[in-house]
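# Understanding the architecture of this molecule
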Amino acid sequence: AQKITQTQPGMFVQEKEAVTLDCTYDTSDQSYGLFWYKQPSSGEMIFLIYQGSYDEQNATEGRYSLNFQKARKSANLVISASQLGDSAMYFCAMRLTADRGSTLGRLYFGRGTQLTVWP
Amino acid sequence: EAGVAQSPRYKIIEKRQSVAFWCNPISGHATLYWYQQILGQGPKLLIQFQNNGVVDDSQLPKDRFSAERLKGVDSTLKIQPAKLEDSAVYLCASSLEGTSYEQYFGPGTRLTVT
């Protein structure tokens, strides 16, 4: 079974500082993808960054980077230079990418981390 | 391009009543997903369509939930009869067929069952 664990219910960071949101995952599959989504109070899930299990380099997208440690099964999100608009709920998710039939495509989500950026 | 559209945005019903949610995916997206997000939790997949066929409905409570995507475009999710524990946000997402890994989400429908 696939499982995502986010142990930080809430995080606080001052504007312009960097923050790391933790995510660990559990799967016996070798082929998978890891995602981070942002969910502001409006409710829409916004895709931030993706890391494939076979990618050798950590993914980066602007101010977002994913610290992928495969042996530890962790995929932490690092937000550099935090902005007030970064305040939101952040979800880590996993998707199997090998052809497993009907389970291909499903995203498994963690419980999320509420990030608050203060001035 | 237009995003995933959902309606209504909010719905309040009494238990044992029925309710329906509508989703229009991004044009050209063959895969459509319905997720249920209970307060304080991450979204959980209810059903996945590939064009107008069901790919995965293993977590759909089929005694009360149903969904269809008749023409392979928009989709409807229905609950009948609703229970208190169905109170949640229902998110619709879509993606391109095949190797695309990004799912685009709609704004969701917040359902309150009283």
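Relevant structure appears above.
The model shown is predicted, which means the values in this text are computed figures rather than measured ones. (Residues numbered from 1 in each chain as written. Chains lettered and ligands numbered in written order. Predicted model: local features only at pLDDT ≥ 70, side-chain atom pairs only at ≥ 80, totals over all residues. Heavy atoms only, no water.)

## Concerning the nonpolar core
As a rule of thumb, soluble globular proteins bury nonpolar side chains together. Ranked by internal contacts, the top residues of the largest apolar core, which has 25 residues, are Trp36(A), Ile49(A), Leu77(A) and Tyr90(A). Counting residues per element, this core draws most heavily on strand 10 (residues 88–96) of chain A, which supplies 5 residues. (Core = buried A, V, L, I, M, F, W, Y, C linked by side-chain atoms within 4.5 Å. Buried < 20%, exposed > 50% of the residue type's maximum accessible area, 1.4 Å probe, protein only. Helix = DSSP H or I, 4+ residues; strand = E, 2+ residues; numbered from the N terminus.)

## Overview of the sheet that holds strand 7 (residues 65–68) of chain B
Residues and elements named next belong to chain B. Strand order in the open sheet formed by 4 strands is 1-3-8-7, and the pairing between neighbours is antiparallel. Bordering the open sheet on either side are strand 1 (5–7) and strand 7, each of which pairs with just one other strand. Within the sheet, the average angular offset between the axes of one strand and its neighbour, ignoring direction, is 15°. As judged from the 3 bridges shared by strand 1 and strand 3 (residues 19–24), these two strands associate in the antiparallel manner. Paired with Gln6 across the bridge in strand 3 is Cys23. (Pairing = 2+ DSSP bridges. Axes fitted to C-alpha atoms, helices over the stretch in contact; angles between N-to-C directions.)

## Overview of the environment of Ala75(A)
Residues and elements named next belong to chain A. Tracing the backbone shows Ala75 in strand 9 (residues 74–79). When the C-alpha positions of Ala75 and Cys23 are compared, they lie 5.3 Å apart, and in sequence the two are 52 residues distant. Not counting residues up to four positions away in its chain, the partners in contact with Ala75 are Cys23, Tyr25, Leu34, Trp36, Leu66, Asn67 and Cys92. (Contact = heavy atoms within 4.5 Å.)

## Some remarks on the pairing of strand 4 (residues 31–37) of chain B
Residues and elements named next belong to chain B. Most of strand 4 sits out of view: 7 of its 7 residues are buried. A two-sided burial pattern is seen for strand 4, the buried positions comprising Thr31, Tyr33, Tyr35 and Gln37 on one face and Leu32, Trp34 and Gln36 on the other. Two strands pair when backbone bridges link them, and strand 4 and strand 5 (residues 44–50) are joined in this way by 6 bridges, in the antiparallel orientation. Across the sheet, Trp34 pairs through a bridge with Ile47, a residue of strand 5. Counting the residues between successive antiparallel strands, the hairpin from strand 4 to strand 5 contains 6 residues, one of them, Gly40, with a positive phi of roughly 85°. Alignment of strand 4 against strand 9 (residues 88–95), held across 7 bridges, turns out to be antiparallel. Within strand 9, the position partnered with Tyr33 by the bridge is Ala93.

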